[in-house]
Amino acid sequence: MTAIAKAVPGKTLLNPTDHTLIMIDHQSQMSFATKSIDAVTLRNNAALVAKAAREFDVSTILTTVAEKSFSGPIFDEIKSVFPEHNVIDRTSMNTWEDPRIAVEVNKLGKQKIVLAGLWTSVCIVGPALSAIDQGFEVYVIADACGDVSTEAHEMALQRMIQLGARPMTSLQYLLELQRDWARGETYDATVKTSIEHGGAYGLGLIYAKTMFNASEGH
């Protein structure tokens, strides 16, 4: 059968209404031992993801582990974006095993789950494999995760990918939600977040808009 091209997005592309973002254990104690990504870049990427979710009104769950007794508060780059959010503090290393998370996931009712957090090999592998086992589609924002070594991070990603998880990056997440520069209602926020947290891409936006008042044809 001959394939026919249609001007519609693929079913595996994310949109703002089809998934729940779960940001897991972005905390000081967890980041101290993280070696696969430096803390400055990690915090920047976590901020990018949080702002993207906020700008596009994505269903979002924030969770920590042993916040008051050991690991410390969630990164302010996340909490400041969601000041009204209840952060679920757990004892379980696997977020998915906390009944409160299941309640929230079921209440939000999304088939796709997007994960980011520390550490990749424990606190991301656990919910990723558990969610896949229960029939959810799972995406992992790889550069908003980190682990005690590059090998631990990469092996964790491979393990998840082998079972069907889809890897992506923080900037990719933002731009996949926007996906069309003609979407004027989110254009300014997407550009602003890209400039603040998009690295060299953000510098390019600053240059183009300052020097030529350029835009992406919206």
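How each quantity is defined
Residues numbered from 1 in each chain as written. Predicted model: local features only at pLDDT ≥ 70, side-chain atom pairs only at ≥ 80, totals over all residues. Heavy atoms only, no water. Disulfide = S-S within 2.5 Å. Buried < 20%, exposed > 50% of the residue type's maximum accessible area, 1.4 Å probe, protein only. Helix = DSSP H or I, 4+ residues; strand = E, 2+ residues; numbered from the N terminus. Patch = residues over 30% accessible without salt bridge, like charges linked within 9 Å, V, L, I, M, F, W, Y side chains within 5 Å. Areas by Shrake-Rupley, 256 points an atom, 1.4 Å probe, with all protein chains shown as cover. Salt bridge = Lys/Arg side-chain N within 4 Å of Asp/Glu carboxyl O. Axes fitted to C-alpha atoms, helices over the stretch in contact; angles between N-to-C directions. Parallel < 35°, antiparallel > 145°, perpendicular 65-115°, else oblique. Left-handed = near helix turned anticlockwise from the far one by under 90°. Contact = heavy atoms within 4.5 Å. Nonpolar A, V, L, I, M, F, W, Y, C, P; charged D, E, K, R; others polar.

Caption draft 1: Expanded view of the state of the cysteines. Under the criterion given, the structure shown has 0 disulfides. Note on Cys 123: no disulfide assigned, nearest cysteine sulfur contributed by Cys 145 at a separation of 10 Å. Looking at Cys 123, the relative accessible area reads 4%, which means it is buried. Since its relative accessible area comes to 1%, Cys 145 is described here as buried.

Caption draft 2: View of unusual backbone geometry. In the segment running from Leu 118 into Trp 119, the intervening peptide bond is cis, with an omega of -15 degrees. Looking at where Trp 119 falls in the secondary structure, it is placed in the loop between strand 4 (112-117) and helix 6 (120-133). A positive phi angle, near 55 degrees, is found at Asp 25, a position not held by glycine. Within the secondary structure layout, Asp 25 lies in the loop between strand 1 (19-24) and helix 1 (28-32). Positive phi is not limited to glycine here, since Ala 66 has a value of about 45 degrees.

Caption draft 3: Geometry of a nonpolar patch on the surface. Taken together, the side chains of Ile 195, Leu 203 and Ile 206 define a hydrophobic patch exposed on the protein surface, amounting to about 250 Å² of accessible area. Mapped onto the secondary structure, Leu 203 falls in helix 10 (residues 199-212). When its relative accessible area of 58% is taken as the criterion, Leu 203 is described as exposed.

Caption draft 4: Inspection of the packing of helix 9 (residues 184-197) against helix 10 at higher detail. At a closest axis distance of 6 Å, the pairing of helix 9 and helix 10 adopts a crossing angle of 120 degrees. The angle between helix 9 and helix 10 falls in the class oblique. Considering only the axes of helix 9 and helix 10, their crossing is left-handed. Mapping the contact onto sequence places Tyr 187, Val 191, Ser 194, Ile 195 and His 197 in helix 9 and Gly 199, Tyr 201, Gly 202, Leu 205, Ile 206 and Lys 209 in helix 10. Here the residues of the contact of helix 9 with helix 10 are counted per class, giving 6 nonpolar, 4 polar and 1 charged.

This is a description of form; function is not addressed.
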